[in-house]
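# Analysis of the macromolecular model
As a plain string of letters, each chain reads:
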Amino acid sequence: MATSTITPQPVPDPLSSTYVPFKSQPSILEEVAANQQQLRDRLAGALFRPPPDVPAESLPTVPLIDLGPSFDGTLESRKAVAAQIREACVSSGFFQISNHGITSEAMAGVLKQAERFFKEMTQEQKDAMHVKLSPLFRGYEPHDFSYVNPDDEGSQQETKECFNWGYESAMDPTGGDGQYRDLDGSAPAGEHSGNIWPLEKDLPGFYDAIKTYYGQVMTCSRHLIRLFALSLGLNEDFFDSLVTHPGGVARLLYYRGIPEPENAHQKSEEDVENDAKLGLGAHTDYECFTMLLNSANPGLEILFPPSPITGNKPIWRPCPVRPGTLTVNVADFFMRWTNGLYKSTIHRVVSKPGGGERYSVPYFFSINYDSEVQPLPEKCVGKSQFLPMKAGEYVLERLRATVPQTDK
């Protein structure tokens, strides 16, 4: 990816309650560079454990929002749920949802397919689907192909393995509108819109189980974005015309377990942290919002905003594991679209000794990739400081930045 020289300037701060705008509208490349510098600045001062005498219960955590009332047919109920979403989005940008309409069978099914893919497929079969064969980062991704935080390259490797895919009209419960365009603006190629799937004979039932879950999480996402509209003081159908063929990259992720050392009982908390492995580096997501399903083992950590009890420093805290829920977080495109009002917060995955293996399925929801995004009404978010652009262009440039130059 080409680089550009930029003049240092204030950047939108996804962890601060005060939005600091750019002095002028930046290009995509300037935003990528600014986001990376901001990531460095935040990580440099982050706490890994609470200060002495600060009880864990007084530290921030991820709120749980019951979506059930938003399905009861009344606008008042939807607005009440939307108000809870707004409160979460202007603080940390993270919340978890229950009663979301995604069946337990679909969730268990997709997690089972993740296990099957990484355990039953041979390395040769996986390599035949390597993401380097796809211009859109679809297929199998080994742990050392990309660095979600480019600064980790050369210092520490991520342990994750991935399988990536994107939108297909056959997976869309509405059938789509026939107008889907990929991240680069091109029309989808082939029956599976550029996705690369295991052969049915190699992994029977894999595609069907993925399709079932993907369709349900897409339906929930379309419902959520209507709640997001209400949360911003917009009509709830404000985004409807922009999600007729939405971007929806999804991944199966596998984090290997790390054996517990024999002398584990003699180790301090700091020693245990030092023995941990980086599953997925510190980063923010790129699209509108992410919906994450994960297995029971913990690993996701969130960099919560500075506060007086942490000495005005950001602090890493584990995301709660609440069976049956999904974790939702605002991503960078929606942060910039809301002019910094909604926060896209830094997070990572850490595998600790004795914690066991972990599977997760993030779904990155976006508006139609080919939509020309215009600023939201000033009455909702103020005068936009960001350059209008197509969602696909922004996300593709962010993905390119994660791949070392030798692999591009």
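- The name that an unreviewed UniProt entry assigns to the protein chain is Fe2OG dioxygenase domain-containing protein, with the source organism given as Knufia peltigerae.
- The UniProt entry for the protein chain carries the following text under Sequence similarities (unreviewed entry): "Belongs to the iron/ascorbate-dependent oxidoreductase family."

### Side note on the overall build of the protein chain
- Within the protein chain, the secondary structure is distributed over nine helices and twelve strands.
- The buried share of the protein chain, taken over its 408 residues, is 53%.
- Partitioning the contacts of the protein chain with sequence separation of at least 6, the portion at a separation of at least 24 is 80%.
- Put simply, the protein chain shows about 17400 Å² of open surface, and 51% of that area lies on carbon and sulfur atoms.

### Thoughts on the packing of aromatic side chains
- Inspection of the entire model under this criterion finds 29 aromatic pairs.
- Taking the centre distance of 5.0 Å and the plane angle of 20° together, the rings of Tyr 254 and Tyr 359 count as stacked. Pair noted here: Tyr 254 is in strand 5 (residues 246-255) and Tyr 359 is in strand 12 (residues 358-368), with a separation of 105 residues, a long-range link. Tyr 359 carries the same exposure label as Tyr 254, and that label is buried.
- One cation-aromatic arrangement involves Arg 336 over Tyr 394; the distance from NZ or CZ to the ring centre is 5.3 Å.
- Between Arg 348 and the ring centre of Trp 316, over which it is positioned, the NZ or CZ distance is 4.3 Å.

### Points about the nonpolar core
- In terms of nonpolar packing, the biggest core is built from 105 residues, with Trp 165, Tyr 213, Phe 239, Leu 252, Met 291 and Ile 367 touching the most fellow members.
- Among the elements that line this core, the one with the most residues is helix 5 (residues 206-231), at 14 residues.
- If we skip the residues at most four places from it in the chain, Leu 252 touches Val 110, Gln 113, Ala 114, Phe 118, Glu 161, Cys 162, Phe 163, Trp 165, Phe 206, Ile 210, Ser 360 and Val 361.

### Considerations on the sheet that holds strand 9 (residues 315-318)
- With antiparallel pairing, four strands are arranged side by side in an open sheet as 6-11-8-9. Pairing within the sheet leaves two strands with one partner each, and these edge strands are strand 6 (277-283) and strand 9. Adjacent strand axes in the sheet meet at a mean angle of 25° when their direction is disregarded.
- Relative to strand 11 (residues 347-351), strand 8 (residues 300-304) runs antiparallel, the two being bridged by three bridges. Residue pairing for strand 11: Leu 300 is matched across the bridge by Val 349.
- Against the sheet, helix 1 (residues 28-44) engages strand 6, strand 8 and strand 9, with an angle of about 120° to strand 6.

### Structural notes on the side chain of Asn 329
- Inspection of the secondary structure puts Asn 329 in strand 10 (residues 326-330).
- For Asn 329, the side chain forms a polar contact with the side chain of Asp 285, separated by 3.0 Å.
- Not counting chain neighbours up to four residues away, the residues in contact with Asn 329 comprise Gly 93, Phe 94, Asp 285, Cys 288, Phe 289, Thr 290 and His 347.

### Examining the pairing of strand 5
- Extensive coverage of strand 5 is indicated by the burial of ten of its ten residues.
- Both faces of strand 5 are covered, namely the face carrying Pro 246, Gly 248, Ala 250, Leu 252 and Tyr 254 and the face carrying Gly 247, Val 249, Arg 251, Leu 253 and Tyr 255.
- With five bridges joining them, strand 4 (residues 161-165) and strand 5 adopt antiparallel strand pairing. Residue Cys 162 lies in a different strand from strand 5, and its bridge partner there is Leu 253.
- Sheet topology note: the strand 5/strand 12 ladder contains seven bridges and is antiparallel.

### Considerations on the packing of helix 3 (residues 104-120) against helix 5
- Viewed as axis vectors pointing N to C, helix 3 and helix 5 meet at an angle of 140°, and their least axial separation amounts to 9 Å. The orientation of helix 3 relative to helix 5 falls into the category oblique. Considering how the two elements wind past one another, helix 3 and helix 5 form a crossing that is left-handed. Contacts between helix 3 and helix 5 involve Ala 106, Met 107, Gly 109, Val 110, Gln 113, Arg 116 and Phe 117 from the former and Phe 206, Ala 209, Ile 210, Thr 212, Tyr 213 and Gln 216 from the latter.
- Of the residues belonging to the contact of helix 3 with helix 5, the class tally is eight nonpolar, four polar and one charged.

### Quick notes on the sheet that holds strand 2 (residues 94-98)
- Reading across from one edge, 1-2-10-7-12-5-4-3 is the order of the eight strands in this open sheet, with mixed pairing throughout. Single-partner strands in this sheet number two, and they are strand 1 (64-66) and strand 3 (139-141). This sheet shows a mean twist of 25° between the axes of neighbouring strands, independent of strand direction.
- Two strands pair when backbone bridges link them, and strand 7 (residues 289-294) and strand 10 are joined in this way by four bridges, in the antiparallel orientation. Bridging across to strand 10, Met 291 finds its partner in Val 328.

### Looking at the pattern of salt bridges
- Under the criterion given, the structure shown has 18 salt bridges.
- Close ionic contact of Lys 160 with Glu 141 constitutes a salt bridge, the shortest N to O distance being 3.6 Å. Of this pair, Lys 160 sits in the loop between strand 3 and strand 4 while Glu 141 sits in strand 3; the two residues are 19 residues apart in sequence, bridging distant segments of the chain.
- The network of salt bridges with common partners includes Arg 78, Arg 226, Glu 236 and Asp 240.

### Some words on helix 9 (residues 391-400)
- A large share of helix 9 lies buried, amounting to eight of its ten residues.
- Taken residue by residue, helix 9 has Ala 391, Gly 392, Tyr 394, Val 395, Leu 396, Glu 397, Arg 398 and Leu 399 as its buried positions.
- The secondary structure elements touched by the buried residues of helix 9 are helix 1, helix 7 (332-337) and strand 12.

Calculation notes
- Residues numbered from 1 in each chain as written.
- Predicted model: local features only at pLDDT ≥ 70, side-chain atom pairs only at ≥ 80, totals over all residues.
- Heavy atoms only, no water.
- UniProt positions renumbered as here; feature names shortened; annotations may be inferred.
- Helix = DSSP H or I, 4+ residues; strand = E, 2+ residues; numbered from the N terminus.
- Buried < 20%, exposed > 50% of the residue type's maximum accessible area, 1.4 Å probe, protein only.
- Contact = heavy atoms within 4.5 Å.
- Areas by Shrake-Rupley, 256 points an atom, 1.4 Å probe, with all protein chains shown as cover.
- Phe/Tyr/Trp six-rings, centres within 6.5 Å; stacked < 30°, edge-to-face > 60°.
- Lys NZ or Arg CZ within 6 Å of the ring centre and 35° of its normal.
- Core = buried A, V, L, I, M, F, W, Y, C linked by side-chain atoms within 4.5 Å.
- Pairing = 2+ DSSP bridges.
- Axes fitted to C-alpha atoms, helices over the stretch in contact; angles between N-to-C directions.
- Polar contact = N/O pair within 3.5 Å; in protein donor to acceptor, adjacent residues only side chain to side chain.
- Parallel < 35°, antiparallel > 145°, perpendicular 65-115°, else oblique.
- Left-handed = near helix turned anticlockwise from the far one by under 90°.
- Nonpolar A, V, L, I, M, F, W, Y, C, P; charged D, E, K, R; others polar.
- Salt bridge = Lys/Arg side-chain N within 4 Å of Asp/Glu carboxyl O.

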